[in-house]
Amino acid sequence: MGNGNKVEMLIAICAVLTSAIAVFIAWDQGRVMRAQQHGAVYPVVQIEGFVSSSPEMVSMGLRISNSGVGPALIERVDVSKGGVPVKSLTPYADKFPSGYQQSWSSLIGRAIAPGKEVIPLRVDWSRERVSVADRDAAALAWSALDVEICYCSVFNKCWTATGLNMGTTMSRAEPVKRCERSDEDVFEALANYVPKPETDMAADVE
């Protein structure tokens with residue numbers, strides 16, 4: 001093989017290597033850019049039960065907040081007790097002392113903006129209608145529940161977050177492939193709930 005052919009082959013090999021390196025660099029830059037895009041809209045959902053007191057009012061409820069940097073798109077809400085699904089919250093609503101005012105907000109399909117919160121359930125009593133001990137007894141029944149929320153980012157990256165149960169510590173959200181949207185919102189179902197008469201409220205929640 002002449003020197004000219006060797007030079008041409010060397011040039012061809014260098015061209016192939018250069019092209020391969022350019023493709024790799026482009027792929028790597030794209031990967032980094034995608035990671036930056038996902039990181040710029042990363043939502044972090046936290047679930048907390050709360051109780052509060054003031055000279056005029058005592059309250060309890062559930063708070064869903066987004067401490068991330070992107071909107072959280074809520075797709076599914078599951079409630080369970082000891083690993084067993086809870087289909088209705090009305091037995092737990094029956095544990096509320098009488099004379100309360102209830103407010104609620106649906107979760108399914110909601111987008112929670114960064115730094116914002118949603119309270120799917122809040123119950124208030126005037127201070128003269130209920131004692132803090134009675135409020136705490138109702139909160140204890142609710143604290144046995146686990147609430148799991150499946151949510152996604154605007155790039156359809158999805159996670160599940162769990163909270164409420166006072167016997168567990170708040171854990172980090174776990175990534176999942178996708179979220180199946182819930183057909184019903186268990187908190188919205190309480191909107192038209194009519195409390196039982198006090199004489200029927202003695203039974204414990206199973």
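This text follows the structure it describes.
Small disclaimer: the values here were computed from a predicted structure and weren't measured.

Enquirer: How should I be thinking about the state of the cysteines in this particular structure?
Expert: Linking two cysteines covalently through their sulfur atoms gives a disulfide. Enumeration over the complete set of coordinates arrives at 2 disulfides. Between the sulfur atoms of Cys-150 and its disulfide mate Cys-179 the distance is 1.9 Å. Around the S-S axis, the bridge from Cys-150 to Cys-179 shows a dihedral of about -80° and counts as left-handed. Residue Cys-150 is found in strand β8 (residues 146–152), and its partner Cys-179 is found in the segment after β10 (174–176); the two are separated by 29 residues along the sequence.

Enquirer: I would appreciate a short explanation of the pairing of strand β3 (residues 72–81) in the present structure.
Expert: For β3, the buried fraction is high: 7 of the 10 residues fall into the buried class. As paired strands, β3 and strand β6 (residues 111–112) are joined by 2 bridges and run antiparallel to one another. The residue bridging Ala-72 from the neighbouring strand is Ile-112, located in β6. The pairing of β3 with β8 spans 7 bridges and is classified as antiparallel.

Enquirer: Looking at this structure, how should I read the packing of aromatic side chains?
Expert: The way to describe two aromatic rings as a pair is by their centre distance and the angle between their planes. With the rule as written, the count across this model stands at 7 aromatic pairs. Look at Phe-96 and Tyr-100: their rings are 5.2 Å apart centre to centre, the planes differ by 75°, and that puts the pair in the edge-to-face class. For the pair shown, Phe-96 and Tyr-100 are each scored as buried. In this structure an aromatic cluster arises from ring pairing among Tyr-92, Phe-96, Tyr-100, Trp-125 and Trp-142. Geometry around Phe-50 places Arg-63 over its ring, the cationic atom sitting 4.6 Å from the centre.

Enquirer: Would you take a moment to explain the pairing of strand β9 (residues 158–163) for this structure?
Expert: If a strand is regular, its side chains alternate between the two faces of the sheet. Burial analysis of β9 places 5 of its 6 residues in the buried class, which makes it a mostly covered element. Direction of pairing for β9 relative to β10: antiparallel, over a ladder of 3 bridges. Within the sheet, the bridge partner assigned to Thr-160 lies in β10 and is Glu-174.

Enquirer: Looking at this model, I keep getting lost on the sheet that holds strand β1 (residues 45–53). Mind explaining?
Expert: Note on sheets: strands pair through backbone hydrogen bonds, and any given pair is parallel or antiparallel. Pairing is antiparallel in the open sheet, where 4 strands are placed in the order β1-β2-β7-β5. Strands at the two margins of the open sheet, each flanked by one partner only, are β1 and β5 (101–104). Each adjacent strand pair in this sheet contributes to an overall mean axis angle of 5°, direction not counted. Most of the contacts of helix α3 (residues 132–143) go to strand β2 (residues 57–66), to which it runs at about 35°, and overall it touches β1, β2 and β7 (117–126).

Enquirer: I would appreciate a short explanation of the side chain of Ser-182 in the present structure.
Expert: Structurally, the position occupied by Ser-182 is in the segment after β10. At 3.1 Å, the side chain of Ser-182 forms a polar contact with the backbone nitrogen of Val-77. Setting aside residues up to four positions removed in sequence, Ser-182 forms contacts with Glu-75, Arg-76, Val-77 and Ile-108.

Enquirer: Is there a simple way to think about α3 in this case?
Expert: One full turn of an α-helix is made of 3.6 residues, so residues set three or four places apart face in the same direction. With 12 residues, α3 extends 16 Å from end C-alpha to end C-alpha; this agrees with the ideal 16 Å at 1.5 Å per step. The set of residues buried in α3 consists of Arg-135, Ala-138, Ala-139, Ala-141, Trp-142 and Ser-143. Structurally, α3 contributes buried residues whose contacts are with β1, β2, α2 (90–93) and β7.

Enquirer: How should the nonpolar core be read in this particular structure?
Expert: A general trend in soluble globular proteins is that nonpolar side chains are found buried together. Counting 38 residues, the largest nonpolar core has Leu-89, Phe-96, Trp-142, Val-147, Ile-149 and Phe-187 as its most contacted members. If near-sequence neighbours (up to four positions away) are discounted, Trp-142 is found in contact with Met-60, Leu-89, Tyr-92, Ala-93, Phe-96, Leu-121, Leu-164 and Leu-190.

Enquirer: Help me understand the environment of Glu-128, please; the structure alone is not making it clear to me.
Expert: Within the secondary structure, Glu-128 is located in the loop between β7 and α3. Judged by its relative accessible area of 67%, Glu-128 falls in the exposed class.

Enquirer: Can you walk me through the pattern of salt bridges in this structure?
Expert: Once their charged atoms are close, side chains differing in charge can pair, the charge on each being opposite to the other. One pass over the full model with this rule turns up 7 salt bridges. Between Asp-136 and Arg-135 there is a salt bridge, and its shortest N-O distance comes to 2.6 Å. Salt-bridge contacts for Arg-178 lead to Glu-180; the nearest nitrogen and oxygen are separated by 2.3 Å. Several salt bridges converge on common partners, so that one network encompasses Arg-76, Asp-78 and Glu-148.

Rules used throughout
Along every chain, residues carry numbers that run from 1 in the direction the sequence is written. Given that the model is predicted, a residue must reach a pLDDT of at least 70 before its local features are reported, and side-chain atom pairs must reach 80 or more before they are shown or counted; all residues, however, enter totals for whole chains, interfaces and linings. As a rule here, side-chain values cover all heavy atoms of the structure and leave hydrogens and water aside. In this description, the term disulfide denotes a pair of cysteine sulfurs within 2.5 Å. Where helices and strands are cited, they refer to DSSP runs of H or I of at least four residues and of E of at least two residues respectively, numbered from the N terminus. Categorising residues by exposure relies on relative accessible area from a 1.4 Å probe, with only protein chains included: less than 20% of the type maximum marks a residue as buried, more than 50% marks it as exposed, and the intermediate range marks it as partly exposed. What makes two strands pair is DSSP finding at least two bridges between them. In this scheme Phe, Tyr and Trp rings, the latter by its six-membered ring, pair at centre separations within 6.5 Å, and the angle between planes marks the pair as stacked below 30 degrees, edge-to-face above 60, and tilted otherwise. Note on criteria: charge over ring means Lys NZ or Arg CZ within 6 Å of the ring centre, with the direction from the centre no more than 35 degrees off the ring normal. Note on geometry: axes are lines fitted to C-alpha atoms, helical ones only across the stretch in contact, with angles between N-to-C directions running from 0 to 180 degrees. Only heavy atoms matter for contacts: two residues are in contact if any of them lie within 4.5 Å across the pair. The definition of a polar contact used here is a pair of N or O atoms within 3.5 Å, where within protein one atom must be able to donate a hydrogen and the other to accept one, and adjacent residues in sequence count solely through side-chain atom pairs. Multiplying 1.5 Å by the helix residue count minus one yields the expected span of that helix. Residues enter a nonpolar core if they are buried and are Ala, Val, Leu, Ile, Met, Phe, Trp, Tyr or Cys, with the set joined through side-chain atoms within 4.5 Å. The rule for a salt bridge is simple: a side-chain nitrogen of Lys or Arg has to be within 4 Å of a carboxyl oxygen of Asp or Glu.

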